[in-house]
Amino acid sequence: MSGTYTMDLRRLTVLRELERRGSLARTAAALHLTPSAVSQQIAALAREFGAPLTERDGRGVRLTGQARILLGHAATIAAQLERARADLAAYASGGRGQVTVGCFGSGILGLLPPALRALAERFPRVRVDVVEAEPPDVFTALDAGRLDVVVAVDFGATPPHTDRRYTRTDLLTDILDLALPEDHPLAARDRVPLRELAAEPWIVGAAGSCCGAVARAVCAAAGFTPDIRHAVNDWSALTALVETGIGVALVPRLVRPLYTHRRLAVRPAAGQPPSRNVFAAVRAGAEADPVLGAVCEQLCSAARQLTESPEWEPAVRA
């Protein structure tokens, strides 16, 4: 390759999304484009760099080795641009601005309120907007600049720890307890072996959701596939169904305020408790921004206070 070229960061965003989604159709849906527009953006990027970026794979496409090399460099470039933005923000750090936080539902319930209250006291002139979203969509919005901070759970749809596009901060380990009907035969136990619930009807979130994916993985690790009778993503609705006696479920401690008033038996699982890792992420380089850094700092503080509180451990008996 010779001569000069320009890098269109918007086209790189399309290439990143194609890497994440694995197909032109899913990439187009995520970016609100048509598959033809996605193909055109990738083709234009390939012309800019004089290298093939996709190749046929059956009826679809896959990234070439050159595309993966380009994505590695693109992550470094994007991080440097975020550091430049952070330097400019630090230069004029009057604590004024707007931050948009993307977070999964139970994180909004259990973690964000104390963090946002503390942030409002420290930066009263900073506006914070909250959007409920989960991976992979929440990371697509972060890449596109529609979100500034993401709070998410590690599961299959989440980028790996080694993804250089993001700076991650681990917040807490959210324990998953067992929610049983109040009159369930195992409700009298202090701890309940998950395996003993293998034959029970289960209430679990949709497979593509964070709560659904984690619950399925926990049951698989315990050696069984749950008999899912009811697919419910809303935690308040899920605990209401458990209360009626039509199934059992796993509930994270982050959503405890939703079910303390219900007639449930909430028990820790026997042995190593199932859990999910909750973390915050910003675009790599953006952690130097004083306001975004303050947001992450307050999230860490809120998580620490929550997990150190007497109510966190052990699980509350109904």
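Refer to the structure printed above.
J.: Honestly, the packing of aromatic side chains in this entry has me stumped. Any pointers?
T.: Geometrically, a pair of aromatic rings is defined through the distance of the ring centres and the angle of the planes. Counted by the stated rule, this structure contains 3 aromatic pairs. With centroids separated by 6.4 Å and ring planes inclined at 25°, the aromatic side chains of Phe139 and Phe279 adopt a geometry described as stacked. Placement of Phe139 in helix H7 (residues 137-144) and of Phe279 in strand E11 (residues 275-283) is noted, with a sequence separation of 140 residues between them. By relative accessible area, Phe279 is classed as buried at 0%. Taken together, Phe139, Tyr166 and Phe279 form an aromatic cluster joined through their ring pairs.

J.: Explanation requested: the nonpolar core in the structure shown.
T.: Core analysis: the biggest nonpolar cluster contains 52 residues, and Leu111, Val149, Val151, Trp202, Val278 and Leu299 have the highest contact counts within it. Counting residues per element, the ones that place at least two in this core are strand E3 (97-103), helix H6 (112-122), strand E5 (149-153), strand E6 (166-181), strand E7 (201-204), helix H8 (210-221), E11 and helix H11 (290-308). If one sorts the elements of this core by residue count, H11 sits on top with 8 residues. Those residues in contact with Leu111 that sit more than four places away from it in its chain are Ser106, Val151, Leu171, Leu172, Leu254, Val278, Leu299, Ala302 and Ala303. Counting 18 residues, the second-largest nonpolar core is a separate cluster that includes Leu31, Ala46, Phe49 and Val61.

J.: Help me out: how do you make sense of H11 in this one?
T.: Quick reminder: α-helices carry 3.6 residues per turn. Residues three or four places apart thus point the same way. In this model, H11 (19 residues) spans 27 Å end to end at C-alpha, consistent with the 27 Å of a helix rising 1.5 Å per residue. Listing the buried residues of H11 in full gives Val291, Leu292, Ala294, Val295, Cys296, Gln298, Leu299, Ser301, Ala302 and Ala303. Where the residues of H11 are buried, they touch E3, H6, strand E4 (126-132), E5, E6 and E11.

Definitions and limits used
Residues numbered from 1 in each chain as written. Predicted model: local features only at pLDDT ≥ 70, side-chain atom pairs only at ≥ 80, totals over all residues. Heavy atoms only, no water. Phe/Tyr/Trp six-rings, centres within 6.5 Å; stacked < 30°, edge-to-face > 60°. Helix = DSSP H or I, 4+ residues; strand = E, 2+ residues; numbered from the N terminus. Buried < 20%, exposed > 50% of the residue type's maximum accessible area, 1.4 Å probe, protein only. Core = buried A, V, L, I, M, F, W, Y, C linked by side-chain atoms within 4.5 Å. Contact = heavy atoms within 4.5 Å. Expected span 1.5 Å × (residues − 1).

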